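As a plain string of letters, each chain reads:
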Amino acid sequence: MNTKREKIVKWILIAISVIFFLVMLVLPLFEVIYRALKDGWETYKSALTAEYTISALKVTLIATIFALIVNTFFGVIASWLITKFDFKGKNILSTLIDIPFSISPVIAGLAFIMTFGRSGWAKPIVDWVNETLGTDISLVFSVPGVVLATIFVTFPFISREVIPILNAQGKDEEEAAAMMGASGFTIFRKITFPHIKWGLLYGMILCAARAFGEFGAVYAVSKARGKTFTLPLEIDALYMAGSVDSITQAFAVSSLLVGMAVIVLVLKNIVEYRGKKKSNI
């Protein structure tokens, strides 16, 4: 009797889960693809090759690539520092890594404006650098501002994947290698990196996925459509225009992000599979 009841409960839970995922995830994505293609391939193609769309795609890719490079470098350094060394303020540093998770991205964007904007405390420093180097760098309402905002909101993803792996690894292997005379870089390359490579790659995939879809922080520091807009901002601009054509274009551009999400999902599953397979060997 209990076995029969357990089976009924199991199938009820499965049905609820399937319905939830269909209604909340699968059907909306299919709706995006349907609305994007309903006016024909030519309309879809013209929306994807529009000047504003190409510009938004370029800015999105630039922000994502820089976020991956910067966050991978500093994420690994922070993870190694937290897990391999003991120092005062270690818990504070570990907490600071999670700040982007705990505050609104819009607030992060506004913080950059108040720091590097026209009335920000760091504006004189930026002006001095421009005068000294003969450059015209602007850290808000520009592509560098979009990059900074993207780096901020995506920073924790790599660290939070690498730190648990390094904690589980311990320090014995590195300490033994150091006693045998191995340099710090050799220890990292030969011992540490092989342990973290799948977790690092997984964190990079999550970082890229978050960067592709970031809206709030980028919206705060962005300025001009066709110059600093990313794909999410371009989709919002097209949809808010309100015309039938612009709404169709918004869904067409949205399909780009859906395609990116599918690619990221496939890569995520591959990395998870390879990581689990490696850990079982």
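Residues numbered from 1 in each chain as written. Predicted model: local features only at pLDDT ≥ 70, side-chain atom pairs only at ≥ 80, totals over all residues. Heavy atoms only, no water.

Per the secondary structure count, the protein includes 14 helices and zero strands. Traced from its N-terminal end to its C-terminal end, the protein shows the element sequence α-α-α-α-α-α-α-α-α-α-α-α-α-α. For the protein, the C-alpha atoms occupy an extent of roughly 80 × 70 × 30 Å along the three principal directions. When each of the 281 residues of the protein is scored for burial, the buried share is 37%. At a minimum sequence separation of 6, the contacts of the protein that also span at least 24 residues come to 73%. Charge-centre separation for the protein: the mean point of 27 positive side chains lies 7 Å from the mean point of 20 negative side chains. (Helix = DSSP H or I, 4+ residues; strand = E, 2+ residues; numbered from the N terminus. Buried < 20%, exposed > 50% of the residue type's maximum accessible area, 1.4 Å probe, protein only. Contact = heavy atoms within 4.5 Å. Lys, Arg positive; Asp, Glu negative; His and termini not counted. Charge placed at Lys NZ, Arg CZ, Asp CG, Glu CD.)

Our next topic: the environment of Phe193. Mapped onto the elements, Phe193 comes out in helix H11 (residues 184-213). Classification of Phe193 by relative accessible area gives partly exposed; the value is 35%. In this structure, the C-alpha to C-alpha distance between Phe193 and Val76, residues 117 residues apart in sequence, is 9.7 Å. If we skip the residues at most four places from it in the chain, Phe193 touches Phe188 and Leu200.

All right, on to the nonpolar core then. Counting 24 residues, the largest nonpolar core has Val162, Phe212, Leu231 and Leu257 as its most contacted members. Elements supplying a minimum of two residues to this core: helix H3 (51-84), helix H9 (156-169), H11, helix H13 (231-241) and helix H14 (244-280). Take this core: its biggest share by element is eight residues, from H11. In this structure Phe212 touches Thr60, Leu61, Thr64, Pro232, Leu257, Met260 and Val264, once residues within four positions along its chain are discounted. Judged by nonpolar contacts, the second largest core, of 21 residues, contains Phe112, Val140, Val146 and Val147. (Core = buried A, V, L, I, M, F, W, Y, C linked by side-chain atoms within 4.5 Å.)

Another aspect to go through is the pattern of salt bridges. Throughout the structure, instances matching the rule amount to six salt bridges. The shortest N-O distance in the salt bridge between Asp127 and Lys123 comes to 2.7 Å. One end of the pair, Asp127, and the other, Lys123, are both in helix H7 (residues 123-133), four residues apart, so they sit about a helical turn from each other. The class for Lys123 is partly exposed, based on a relative accessible area of 25%. With its nearest N and O atoms 2.4 Å apart, the salt bridge here joins Arg210 to Glu214. Of the residues examined, Arg210 reaches a relative accessible area of 26% and is grouped as partly exposed. (Salt bridge = Lys/Arg side-chain N within 4 Å of Asp/Glu carboxyl O.)

With the rule as written, the count across this model stands at 10 aromatic pairs. Taken together, a centroid distance of 6.0 Å and an interplanar angle of 90° make the contact between Phe112 and Phe152 edge-to-face. Of this pair, Phe112 sits in helix H6 (residues 105-116) while Phe152 is found in helix H8 (residues 143-154), placing the two residues 40 residues apart along the sequence. Among the aromatic residues, those joined into a cluster by ring pairs are Trp80, Phe188 and Phe193. (Phe/Tyr/Trp six-rings, centres within 6.5 Å; stacked < 30°, edge-to-face > 60°.)

A few words now on unusual backbone geometry. Residues apart from glycine generally show negative phi values, whereas peptide bonds are mostly found in trans. We note that Phe141 has phi near 55°; this positive angle belongs to a residue other than glycine. The residue Phe141 is located in the loop between H7 and H8 in this model. Under the relative-accessibility criterion, Phe141 is labelled partly exposed at 39%.

With that out of the way, let us pick up H9. In this model H9 runs 20 Å from its N-terminal to its C-terminal C-alpha over 14 residues, within 8% of the 20 Å that 1.5 Å per residue would give. What H9 keeps buried is the set Pro156, Phe157, Ile158, Ser159, Val162, Ile163, Leu166 and Gln169. Along its buried surface, H9 packs onto H3, helix H4 (90-97), helix H5 (99-102), H8, helix H10 (172-179) and H11. Directly beyond the C-terminal end of H9, a positive phi value near 80° is found at Gly170. (Expected span 1.5 Å × (residues − 1).)

It is worth spelling out the environment of Pro232 at this point. If you trace the backbone, Pro232 turns up in helix H13. Not counting residues within four places of it along the chain, the set of residues in contact with Pro232 comprises Phe212, Gly213, Glu214, Phe215 and Leu257.

Between the first and last C-alpha of H8 there are 17 Å, a value that for 12 residues agrees with the 16 Å anticipated at 1.5 Å per step. Of the residues making up H8, those classed as buried are Gly145, Val146, Val147, Ala149, Thr150, Ile151, Val153 and Thr154. The secondary structure elements touched by the buried residues of H8 are H3, H5, H6, H9, H11 and helix H12 (216-221).

The topology assignment puts Thr248 in helix H14. Overall, Thr248 belongs to the buried group, its relative accessible area being 4%. A polar contact is formed between the side chain of Thr248 and the side chain of Asp39, at a distance of 3.4 Å. A distance of 3.0 Å separates a polar atom in the side chain of Thr248 from the backbone oxygen of Val244. Leave out the neighbours within four places in its chain, and Thr248 touches Arg35, Ala36, Lys38, Asp39 and Thr43. (Polar contact = N/O pair within 3.5 Å; in protein donor to acceptor, adjacent residues only side chain to side chain.)

Residue position: Thr72 is located in helix H3. Excluding anything up to four places from it in sequence, Thr72 contacts Ala67, Ile158, Leu200 and Met204.

Such coordinate-based values are descriptive only and should not be taken to indicate function.
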